[in-house]
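The residues making up each chain are set out below.
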Amino acid sequence: METAIRGGLSLSPNTVFNPKPGEKQSRCRGACTNRGVLMAISTTGSGKGAGILEKPVIERTTPGRESEFDLKKSRKIAPPYRVILHNDNFNKREYVVQVLMKVIPGMTLDNAVNIMQEAHYNGLAVVIICAQADAEEHCTQLRGNGLLSSIEPASGGC
């Protein structure tokens, strides 16, 4: 295996040169900003004596960073679903508001009243748009409390 000697520093073709601040061979003065970048140094030659050092190849990659295509490919998002409240002639309006606030996380009094009124006047209202598993759970809970509800795929995003 060939070894190149430069400035008292012995390097083999497979050596990775990454000087530390303060070392005699370090080319950094003061704060060394490139410390995280590795430089590979290789030698060429006929096999005898010292070789010629090639210019180091510095690869600038961000550790752990994938391409945008890979991120979109790996992050398959489940299509959103709507939870729909249907009007019924059995439950009082106040009860419907209470159930909505109990079952749907983050449901405010104002939103619950608006949803209840929309279902009362239009026959149905969208309660929430969420992932299918959550939509099924919300629908089951609404039905368990005596409200008529269903789910359907939502066109568009959440």
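To be clear, the structure that these remarks concern was listed above.
Residues numbered from 1 in each chain as written. Predicted model: local features only at pLDDT ≥ 70, side-chain atom pairs only at ≥ 80, totals over all residues. Heavy atoms only, no water.

Enquirer: Residue-level account of the side chain of S149, with values.
Expert: Take S149: it is sitting in strand β10 (residues 148-153). By relative accessible area, which is 5% here, S149 ends up buried. Reaching out from S149, the side chain makes a polar contact with the backbone oxygen of C139 at a distance of 3.2 Å. In this view, S149 contacts I84, H86, C139, L142 and R143; residues no more than four positions away in its chain are not counted. (Helix = DSSP H or I, 4+ residues; strand = E, 2+ residues; numbered from the N terminus. Buried < 20%, exposed > 50% of the residue type's maximum accessible area, 1.4 Å probe, protein only. Polar contact = N/O pair within 3.5 Å; in protein donor to acceptor, adjacent residues only side chain to side chain. Contact = heavy atoms within 4.5 Å.)

Enquirer: Please give an account of the sheet that holds β10 that cites residues and values.
Expert: Taken in spatial order, the three strands make up an open sheet running β9-β8-β10, and their pairing is antiparallel. Edge positions in the sheet fall to β9 (124-131) and β10, since each of these pairs with one other strand and no more. Ignoring strand direction, the axes of neighbouring strands in this sheet form an average angle of 25°. The sheet contact formed by strand β8 (residues 80-86) and β9 spans seven bridges and is antiparallel. The residue bridging H86 from the neighbouring strand is L124, located in β9. Taken strand by strand, helix α3 (residues 109-122) contacts β8 and β9, and its axis lies near 130° from that of β9. (Pairing = 2+ DSSP bridges. Axes fitted to C-alpha atoms, helices over the stretch in contact; angles between N-to-C directions.)

Enquirer: Let's hear about the environment of C130: which residues, and what values?
Expert: Position of C130 among the secondary structure elements: in strand β9. According to the relative accessible area criterion, C130 is buried, its value standing at 9%. C-alpha of C130 to C-alpha of A154: the two residues are 24 residues apart in sequence and 8.8 Å apart in space. Ignoring any residue separated from it by four or fewer positions in sequence, one finds C130 in contact with P80, Y81, V83, A135 and H138.

Enquirer: Could you give an account of the pairing of β8, naming the residues involved and the relevant values?
Expert: In terms of burial, β8 is largely enclosed, as five of its seven residues are buried. Of the strand pairs in this sheet, β8 and β10 are connected by six bridges, and their pairing is antiparallel. Bridging from a neighbouring strand, Y81 pairs with P153 of β10.

Enquirer: Describe the nonpolar core, naming the residues involved and giving the relevant values.
Expert: Core analysis: the biggest nonpolar cluster contains 20 residues, and L85, L100, M107, I115, V127 and L142 have the highest contact counts within it. Breaking this core down by element, the ones donating at least two residues are β8, α2 (93-103), α3, β9 and α4 (132-144). (Core = buried A, V, L, I, M, F, W, Y, C linked by side-chain atoms within 4.5 Å.)

Enquirer: Can you lay out the packing of α2 against α3 for me, pointing to particular residues and giving the numbers?
Expert: Working note: a packed helix pair is described by the angle between its axes plus the distance between those axes. Running from N to C, α2 and α3 cross one another at 130°; their axes reach a closest spacing of 9 Å. On the basis of their axis angle, the class for α2 and α3 is oblique. Here the hand of the crossing between α2 and α3 comes out right-handed. For the pair α2 and α3, contact is made by R93, V96, V97, L100 and M101 and by L109, A112, V113, I115, M116, H120 and Y121, respectively. Of the residues belonging to the contact of α2 with α3, the class tally is ten nonpolar, one polar and one charged. (Parallel < 35°, antiparallel > 145°, perpendicular 65-115°, else oblique. Left-handed = near helix turned anticlockwise from the far one by under 90°. Nonpolar A, V, L, I, M, F, W, Y, C, P; charged D, E, K, R; others polar.)

Enquirer: Quick rundown of α4? Include the residues and the values.
Expert: In a regular helix each residue adds 1.5 Å, so 13 residues correspond to 18 Å; α4 covers 18 Å between its end C-alpha atoms and thus fits that length. Buried residues of α4: A135, H138, C139 and L142, and no others. Buried residues of α4, seen end-on, are gathered within an arc of 100° and therefore sit on one face of the element. Away from its buried face by more than 90 degrees, α4 exposes A133, T140 and G144. Buried residues in α4 make contact with β8, α2, β9 and β10. One or two residues past the end of α4 sits G146, with phi positive at roughly 85°. (Expected span 1.5 Å × (residues − 1). Arc of directions from axis to C-beta.)

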